[in-house]
Amino acid sequence: MNDGIRTRPVAMPKARISIGTAELETFVAIAELGSFSKAAERLSLAQPSVSNRVQRLERAVKARLFERTTRAVILTQAGEKLRARVQPIIRDLHAVLDEFTNEADIRGQLVVVATTPTLAAVLLPPILKRFSKSHPSLQVEVLDQLPSKLASEISAAQLDFAVFSHQMPIEGVAFDRIAASSFMAVGPVGLAAMAGPATRVEDLAGHPFLLLDSYRLAIAGIFADMKTAFAPLRTAKNVSTLLGYVAAGLGFTVLPSLVIRLSGAASDPRYRVLPISGVGLVRDYGIGHLPGQTFSPAAKALAAAVRAELIAACAPIE
C-alpha cells in the first residue's frame, strides 16, 4: 500500500582511490618501454620501487596487468584496457606541467635578439606584439644591426640569437635554415613590363632599377651578368622608402617574397608583384647562434615564434 512516503535509492559507496599518478605513470612507462628496468631508468627509480608501484596498482584494479616472458613484458587484456584509458591522461598531465614550468622559467627573463634593419622593420614587430600578450613578463631587446656586424655580435655571445638571411657560411656561427624566399619584381601599376602573369629581366630593361642598399651587391651583380642595361640605379636604406619610390612611379625593384608580404606590398593596389622568369634568386632565412649553444626557455620560446612566422611569410605569393 502506498502511504505517500517515497524512498530514495541508496547509492552504493564508490571505491576509494588508493593509487596516485606515481603508480599510473609507472604503469604507462612499462607499457611503452616493455621493460621494468627501462621504466626504472626513465623515472630515475630503483627497480624494486617500480615493482611495488605495479603491485599496488594491480591490487587497486583487481587485475593482473603484465605477463613477463624471457624477452619482454607484455600487457594482459586488462593491461591493454587500462593503458588505453590512462596513457592520454598521463600525457596531458605532463603537457600541463611542462607548460607551467616553462612559463615559470621564462618569467622575468631577458632575450636579446639581433637582426637586419629590413627584418627589424617587417618581421619582428608582429611577432613581438603577439609574444608580449602570451609572455607579458618576458623582456625582449632587439639589436638593429647591419648584416656585416651580426657575425661579430653572435661570436661575442652578446645575444641569444640572430635572425637574418644566409648568403654564405660565417666562421664561428651556426645557421639553422628555416625557409627560403624567392625574389620577385615589384613595380607601379601601369608599368607595361609588368602587365602579364610574370616578367623577364629583358622586359624590365630601360626602366629605372631601385634597390635596397643591403641587396645592391648581390642583385646588381646577377643582373649585370645577364648583360641587361638599366636606367640609372637608385638605392634606399629601408623598405618603406624603397616602396615609396616604386609607388611614385620612379622605377621597379626586386624583393624577397617575405619582405613583400610583411611590408604589405603584396596586397597594396599601388603595386604589381610578379615572379621573374629565368632568375632563380632566393634567400635562405633562419636563426644564427654560437655552435652548440643551449637556448634558455625564454629564447627557445621566442625562436619558435620566429620560426613559425618565417615559414608563413616565405610561402609563395600568388
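It should be emphasised that the depicted structure is a prediction, and the values quoted were computed from it without experimental measurement. (Residues numbered from 1 in each chain as written. Predicted model: local features only at pLDDT ≥ 70, side-chain atom pairs only at ≥ 80, totals over all residues. Heavy atoms only, no water.)

Draft legend 1. Structural context of the packing of aromatic side chains. A full pass over the atoms with the stated rule returns five aromatic pairs. Considering the side-chain rings of Phe 27 and Phe 66, the 5.5 Å spacing of their centres and the 50° angle between planes classify their relative orientation as tilted. In this pair, Phe 27 is assigned in helix 1 (residues 21–33) and Phe 66 in strand 1 (residues 66–68), connecting sequence segments 39 residues apart. For the pair Phe 27 and Phe 66, one class covers both residues: buried. When the centroid spacing of 5.8 Å and the interplanar angle of 70° are considered together, the rings of Phe 36 and Phe 66 count as edge-to-face. Note that Phe 36 is positioned in helix 2 (residues 36–43) and Phe 66 in strand 1, a separation of 30 residues in sequence. On the accessibility criterion, Phe 36 (6% relative accessible area) is buried. In this structure Phe 66 comes out as buried when scored by relative accessible area, which is 4%. Chaining the aromatic ring pairs together yields one cluster made of Phe 27, Phe 36 and Phe 66. (Phe/Tyr/Trp six-rings, centres within 6.5 Å; stacked < 30°, edge-to-face > 60°. Helix = DSSP H or I, 4+ residues; strand = E, 2+ residues; numbered from the N terminus. Buried < 20%, exposed > 50% of the residue type's maximum accessible area, 1.4 Å probe, protein only.)

Draft legend 2. How the structure looks around the pattern of salt bridges. Overall, the coordinates contain nine salt bridges when judged by the stated rule. The salt bridge partner of Glu 309 is Arg 130, with a shortest N-O separation of 2.5 Å. Of this pair, Glu 309 sits in helix 12 (residues 297–313) while Arg 130 sits in helix 6 (residues 124–134), and the two are 179 residues apart along the sequence. For Glu 309, a relative accessible area of 13% puts it in the buried group. Among the residues examined, Arg 130 registers a relative accessible area of 47% and is labelled partly exposed. Between Arg 270 and Asp 268 there is a salt bridge, and its shortest N-O distance comes to 2.9 Å. Of the residues examined, Asp 268 reaches a relative accessible area of 19% and is grouped as buried. (Salt bridge = Lys/Arg side-chain N within 4 Å of Asp/Glu carboxyl O.)

Draft legend 3. Fine view of helix 10 (residues 239–247). For helix 10, every residue scored as buried is listed here: Val 239, Leu 242, Leu 243 and Val 246. Down the axis of helix 10, the smallest arc covering the buried residues is 95°, so these residues share one side. One or two residues past the end of helix 10 sits Gly 249, with phi positive at roughly 80°. (Arc of directions from axis to C-beta.)

Draft legend 4. Molecular detail of the environment of Ala 78. Relative to the helices and strands, Ala 78 is located in helix 4 (residues 77–106). Residues Ala 78 and Leu 65 lie 13 residues apart in sequence; the distance between their C-alpha atoms is 5.8 Å. For Ala 78, the contacting residues outside a window of four places in its chain are Ala 63, Arg 64 and Leu 65. (Contact = heavy atoms within 4.5 Å.)

Draft legend 5. A look at unusual backbone geometry. Backbone geometry places Ser 44, a non-glycine residue, at a positive phi of 55°. Relative to the helices and strands, Ser 44 resides in the loop between helix 2 and helix 3 (47–61). With phi around 55°, Lys 62 is a residue other than glycine that occupies positive phi space. Topologically, Lys 62 is positioned in the loop between helix 3 and strand 1.

Draft legend 6. View of the side chain of Glu 23. Of note, Glu 23 is situated in helix 1. Exposure remark for Glu 23: the relative accessible area of 9% places this residue in the buried category. Separated by 2.8 Å, the side chain of Glu 23 and the backbone nitrogen of Gly 20 make a polar contact. Each residue touching Glu 23, except ones within four places of it in the same chain, is listed here: Arg 53, Arg 56 and Leu 57. (Polar contact = N/O pair within 3.5 Å; in protein donor to acceptor, adjacent residues only side chain to side chain.)

Draft legend 7. Structural detail: the packing of helix 2 against helix 3. In contact at an axis separation of 9 Å, helix 2 and helix 3 are set at 105° when each is read in the N-to-C sense. Relative to helix 3, the element helix 2 lies roughly perpendicular. Along the contact surface, helix 2 presents Phe 36, Ser 37 and Ala 40, while helix 3 presents Gln 47, Val 50, Ser 51 and Val 54. In the contact of helix 2 with helix 3, the residues fall into four nonpolar, three polar and no charged. (Axes fitted to C-alpha atoms, helices over the stretch in contact; angles between N-to-C directions. Parallel < 35°, antiparallel > 145°, perpendicular 65-115°, else oblique. Nonpolar A, V, L, I, M, F, W, Y, C, P; charged D, E, K, R; others polar.)

Draft legend 8. Main features of the confidence of the model for the protein. Considering every residue of the protein, the mean pLDDT works out to 83; 85% of them sit at 70 or more. By mean pLDDT, helix 9 (residues 216–225) is the weakest element of the protein at 68, and helix 10 is the strongest at 93. (pLDDT = per-residue confidence, 0-100.)

Draft legend 9. Just the environment of Leu 243, in detail. For Leu 243, the location among the structural elements is in helix 10. Considering only alpha carbons, one finds Leu 243 and Pro 188, 55 residues apart in sequence, at a separation of 9.4 Å.

Draft legend 10. Examining the pairing of strand 3 (residues 110–115) more closely. In terms of residue burial, strand 3 counts as a mostly covered element, since five of its six residues are buried. The pairing of strand 3 with strand 4 (residues 139–144) spans six bridges and is classified as parallel. Within strand 4, the residue paired with Ala 114 across the bridge is Leu 143. Alignment of strand 3 against strand 5 (residues 161–166), held across three bridges, turns out to be parallel. Bridge pairing in strand 5 places Thr 115 opposite Val 163. (Pairing = 2+ DSSP bridges.)

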